[in-house]
Number of protein chains: 2
Amino acid sequence: MKQSKLFTKTRKEAPKDEVSQNAQLLLRAGFIHKEMAGVYSYLPLGLRVFNKIVEVIREEMNCIGGQELHFAALQDPELWKKTDRWSDEKVDVWFKSELSAGGEVGLGWTHEEVATMIMRDHVSSYRDLPFYAYQFQTKFRNELRAKSGLMRTREFVMKDLYSFSRTEEEHQAFYEKCAEAYAKIFDRVGLSHVTYRTFASGGAFSKYSHEFQTVCDSGEDTIYVAPEKRIAVNKEVLEDSVLKDLGLLREELLERKAIEVGNIFSLGTRFSDALGLTFKDESGADVPVIMGSYGIGPGRLMATVAEIYSDEKGILWPRAIAPFQIHLVEVSAQNSETKAWAEELYKKLTAAGIEVLYDDRDLRAGEKFVDADLIGIPYRVVVSDRNLAERKIEILDRAKNETVMSTEEAVFALMQEEGNHV
Amino acid sequence: MKQSKLFTKTRKEAPKDEVSQNAQLLLRAGFIHKEMAGVYSYLPLGLRVFNKIVEVIREEMNCIGGQELHFAALQDPELWKKTDRWSDEKVDVWFKSELSAGGEVGLGWTHEEVATMIMRDHVSSYRDLPFYAYQFQTKFRNELRAKSGLMRTREFVMKDLYSFSRTEEEHQAFYEKCAEAYAKIFDRVGLSHVTYRTFASGGAFSKYSHEFQTVCDSGEDTIYVAPEKRIAVNKEVLEDSVLKDLGLLREELLERKAIEVGNIFSLGTRFSDALGLTFKDESGADVPVIMGSYGIGPGRLMATVAEIYSDEKGILWPRAIAPFQIHLVEVSAQNSETKAWAEELYKKLTAAGIEVLYDDRDLRAGEKFVDADLIGIPYRVVVSDRNLAERKIEILDRAKNETVMSTEEAVFALMQEEGNHV
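Residues numbered from 1 in each chain as written. Chains lettered and ligands numbered in written order. Predicted model: local features only at pLDDT ≥ 70, side-chain atom pairs only at ≥ 80, totals over all residues.

J.: Provide a residue-level description of the overall build of chain A, including the pertinent values.
T.: Within chain A, the regular secondary structure consists of eleven helices and 23 strands. With the principal axes as the frame, chain A shows a C-alpha extent of 80 × 60 × 45 Å. Counting every position in chain A, which comprises 422 residues, the buried fraction comes to 49%. Considering only contacts within chain A whose residues lie at least 6 apart along the sequence, 68% involve residues at least 24 apart. (Helix = DSSP H or I, 4+ residues; strand = E, 2+ residues; numbered from the N terminus. Buried ≥ 20, exposed ≤ 12 C-beta atoms within 10 Å, placed from the backbone. Contact = placed C-beta atoms within 7 Å.)

And the structure:
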């Protein structure tokens, strides 16, 4: 895409009321727009990153047999009364409204109830199970405080998967499979080295739930990390009995702030009992379905990456989720030959299926480089008057902060190496 | 996909309170689930169709230079007070709620205000214009009545594009370009023969707005169609002066019920004046931006197709938006050789990038065919014991209701012809 056509502009300062680093960077780079506290819109560059994260998650969910669907946001109170999750005393994040036709309506902050009810129409025999349904859908949570940028918002897309199994063993097997898929997702977006499977409190149906926590000073959670063993314990369950369970010693644990980037829960029959989701087993007996739920917020993941991968100049997107692979910057004093060369290279790169943001704007080189640093595309390719005669181009690896003088061919070779061709 | 793995089941009857044909068919075929009046979830088959419609629209919006973004649903009342669209007396479809941190919040039913405010951060000079921003995003409308299935819902995804131009001429040129893109979209989803560009009431800034109306007995609108001229007039503006404007004679008009599948509006400076979106022109003067808005609801389009393309047995999806291209049905009395053949064909077809729903379930042929008719995939390919010896397969063209005996090779040739290979 030509940057002269991209309508978003970078800005020097983030809004004064924005304290979080992720939102400051993403706002300044023109990735998001703040509507009000805890509510953001995604601008074109931000949406590109967001969609790439979504696609990584989708691929991994499809790999473990997930079937994608899309639930509604508007919620019928009657459904939630059956599971005792409608009253504001029980759940303090509801947004509720009135139907003009009469009656109340809620905005979904999670979808266990909806998922369970829908499956009543589709499950009758043991032959119908197991299966796994997931969605990317907007949740609404009436958070009292929202000050961490995209980390904790009042409106956000969540990937929520619900599993429906016949037996505890069948459930556990999928639960582990999903945990492995989550590990792959965090690896693909560049967070595996700082992300820990973390033991947290379970519920009526399991001793523990599992969080995936990314160690980061701006995180809202406190965890205790066993770096060698690649696991952690949430502060809420840091007890001797838990440590014994996990074979951990208190002295090997490091206290860290962390961001919860995903979680997985065993729900047992909590929802299938309350809402009557049963199946007939081989003997003809009615048995409640065993459920699990598995969440990841792509927006929070994007914010976490912006926290972890940034320097004083801006963001450093990992290639798998960068808005573009190459930032092509043309630097010329109205030299039409340099411009023509840059234009030609832009066309060749995009024709090869490489995603290029082409800075063709009439700005000074310094301004272009400041913008490029802030936006954080992995490779900057500079075509300039100075190197026109020799047809040399400058390639900057944004993450390594290394510049090499090179050739057009080398750019294509680099992209091929990185597997970025279509 | 193997149908034995697909968790959704078809059903003989739609819920009793569902009167619309589109919802009855889509519910029975397992494409959608009704959450409450006017609120539906999309199940896997429905989401596939929905996503294909979205992709058609996205391609056409990108073709005319649209830049995709994603606005938030939660709305700040202060913004809407400035355009006098917050009060329930002025706008009767608001869902409103309370922030737990204090203050009111609304659920976006359209996004002119948000779009205008965001652009204040990005527009300063005439060099920044024109541009076009669009999104696929969930709108909420507190409809008093919702009885037409997916036609009029309380929650629905809309593609809304907003144009930002410097002059009336620049605006008009894009307005026409967008109208042509809309015509292409309706053509690609199979509705062009029954869809009319329809003149409707304008606003302060233009004499007319334009609706795209699809003639259909179950439509909620009444229009007057000039079939030869491929245009129509909405009942609300059926006046002599309008007919004179358009060069239409009353006697050539046919009264028809129709579904509004899209609309385009010239907004003039209504929003840029109220919210202060201006640019500096070549002379340095501050000038308000000229705006337009352009909407299409992919869900309503899906419902319209289900109304237009159906028979007494079920839906007949046009190929461009069918959930799968081929419904492969294996009919065998536990004959493992037939099953192996079907399985092998399934693998070959999917390896060739063809989308196949493979009915591998242990059901009688009659049940499988009833399901296939209801689901409405364009081609049914039947592999049966009867034709095993000769390796013949049956191909049913669902729309033409024609069956031919053929070969595997013919199926591949047919798909290639239809351009369905990856």
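J.: Go over the sheet that holds strand β4 (residues 74–75) of chain B, please, and point to the residues and values.
T.: Residue and element names in this part refer to chain B. Strand order in the open sheet formed by three strands is β4-β6-β5, and the pairing between neighbours is antiparallel. Two strands bound the open sheet, and with one partner strand each, they are β4 and β5 (96–98). Pairing analysis gives two bridges linking β4 to strand β6 (residues 104–107), with the strands arranged antiparallel. For Gln 75, the partnering residue across the bridge sits in β6 and is Gly 106. (Pairing = 2+ DSSP bridges.)

J.: Tell me about the environment of B:Pro15, and please be specific about residues and values.
T.: Here B:Pro15 lies in the segment before α1 (21–28). B:Pro15 has contacts with B:Leu27 and B:Lys34, leaving out every residue within four places of it along the chain.

J.: Lay out the interface of chain A and chain B in plain terms, naming residues and giving numbers.
T.: The interface of chain A with chain B comprises 40 residues on the first partner and 40 residues on the second. Secondary-structure elements contributing two or more residues to the side of chain A that touches chain B are β1 (32–36), β2 (39–42), α2 (44–63), β3 (66–68), β5 (96–98), α4 (112–120) and β7 (131–140) of chain A. Ranked by residues supplied to the side of chain A that touches chain B, first place goes to β2(A) with four residues. Per-class residue counts for the side of chain A that touches chain B are 21 nonpolar, ten polar and nine charged. (Nonpolar A, V, L, I, M, F, W, Y, C, P; charged D, E, K, R; others polar.)

J.: Run through the pairing of strand β23 (residues 402–406) of chain A, naming residues and quoting values.
T.: All names here are of chain A. Taken across its five residues, β23 has zero buried, putting it largely on the surface. As paired strands, strand β22 (residues 393–397) and β23 are joined by five bridges and run antiparallel to one another. Across the sheet, the residue bridging to Ile 393 is Ser 406, located in β23. Here β22 folds back onto β23 in antiparallel fashion, the turn holding four residues, of which Asn 401 has a positive phi close to 55°.

J.: Got a sec to walk through the nonpolar core? Specific residues and values, please.
T.: Formed by 237 residues in total, the largest nonpolar core has its most connected members in A:Ile53, A:Leu328, B:Ile53 and B:Leu328. Residues within four places of B:Leu328 in sequence aside, it is in contact with B:Ala342, B:Leu345, B:Tyr346, B:Val356, B:Tyr358, B:Asp359, B:Val381 and B:Val383. (Core = buried A, V, L, I, M, F, W, Y, C linked by C-beta atoms within 7 Å.)

J.: Lay out the relation of the copies chain A and chain B with the relevant residues and their values.
T.: Once chain A has been moved 0.0 Å along the axis and rotated by 180°, it coincides with chain B to within an RMSD of 0.0 Å. On the angle and the small slide along the axis, the relation comes out as a two-fold axis. Residue A:Ser97 of chain A places its C-alpha closer to the rotation axis than any other residue of that unit, at 2.6 Å. Comparing interface residues between copies, 100% of those in chain A also lie at the interface in chain B; the contact surface is shared. (Least-squares fit on C-alpha atoms with pLDDT ≥ 70 in both.)

J.: Lay out the packing of helix α2 (residues 44–63) of chain B against helix α5 (residues 168–188) of chain B with the relevant residues and their values.
T.: Residue and element names in this part refer to chain B. α5 packs onto α2 with a crossing angle of 155° between their chain directions and a minimal axis gap of 10 Å. On the basis of their axis angle, the class for α2 and α5 is roughly antiparallel. Where α2 crosses over α5, the handedness of that crossing is right-handed. On α5, the residues touching Val 56, Ile 57, Glu 60, Met 61 and Cys 63 of α2 are Ala 181, Lys 184, Ile 185 and Arg 188. (Axes fitted to C-alpha atoms, helices over the stretch in contact; angles between N-to-C directions. Parallel < 35°, antiparallel > 145°, perpendicular 65-115°, else oblique. Left-handed = near helix turned anticlockwise from the far one by under 90°.)

J.: Hey, could you go over the confidence of the model for chain A for me, with residue numbers and the actual values?
T.: Predicted coordinates in regions of low pLDDT should not be interpreted in detail. In this model, chain A carries a mean pLDDT of 95, and residues with pLDDT of at least 70 account for 99%. As scored by the predictor, the complex reaches a pTM of 0.97 and an ipTM of 0.96. (pLDDT = per-residue confidence, 0-100.)

J.: Let's hear about the domain arrangement of chain A: which residues, and what values?
T.: When the domains of chain A are assigned, the result is domain 1 (21–73 + 108–311) and domain 2 (324–417). With centres defined by C-alpha atoms, the gap from domain 1 of chain A to domain 2 of chain A works out at 39 Å. (Domains from an automatic or database assignment.)

J.: Got a sec to walk through the sheet that holds β23(A)? Specific residues and values, please.
T.: Residue and element names in this part refer to chain A. Across the sheet, which stays open at both edges, the five strands sit in the order β20-β19-β21-β22-β23 with mixed pairing between neighbours. Only two strands of the sheet have a single neighbouring strand rather than two, namely β20 (356–359) and β23. Within the sheet, the average angular offset between the axes of one strand and its neighbour, ignoring direction, is 20°. Most of the contacts of helix α10 (residues 365–375) go to strand β19 (residues 326–331), to which it runs at about 175°, and overall it touches β19, β20 and β21 (379–384).

J.: Pulling in residues and values, what's your account of unusual backbone geometry?
T.: In most cases, non-glycine residues show a negative phi, while peptide bonds are predominantly trans. Residue and element names in this part refer to chain A. Omega for the peptide link from Leu 129 to Pro 130 comes to -5°, which places this bond in the cis form. Among the structural elements, Pro 130 can be located in the loop between α4 and β7. With a phi angle near 55°, Asn 401 is a residue other than glycine that sits in the positive phi range. Positionally, Asn 401 belongs in the loop between β22 and β23.

J.: Requested: an account of the environment of A:Ala101, with residues and values cited.
T.: Within the secondary structure, A:Ala101 is located in the loop between β5 and β6 (104–107). Sequence-wise, A:Ala101 and A:Gln21 are 80 residues apart; in three dimensions their C-alpha atoms are separated by 44 Å.

J.: Requested: an account of the pairing of strand β20 (residues 356–359) of chain B, with residues and values cited.
T.: Residues and elements named next belong to chain B. Here β20 shows no split at all, with Val 356 and Tyr 358 on one side and Leu 357 and Asp 359 on the other all buried. When strand β19 (residues 326–331) meets β20, the two strands line up parallel, connected through four bridges. Residue pairing in the sheet places His 327 in a bridge with Leu 357 of β20.

J.: So what's going on with helix α1 (residues 21–28) of chain A? Residues and values would help.
T.: Quick reminder: α-helices carry 3.6 residues per turn. Residues three or four places apart thus point the same way. Residue and element names in this part refer to chain A. Inspection of α1 places Asn 22, Ala 23, Leu 25, Leu 26 and Leu 27 among the buried residues, and these make up the whole buried set. The secondary structure elements touched by the buried residues of α1 are β1, α2, α8 (298–308), β17 (310–311) and β18 (314–315). After α1 finishes, the residue Gly 30 shows a positive phi value of roughly 80°.

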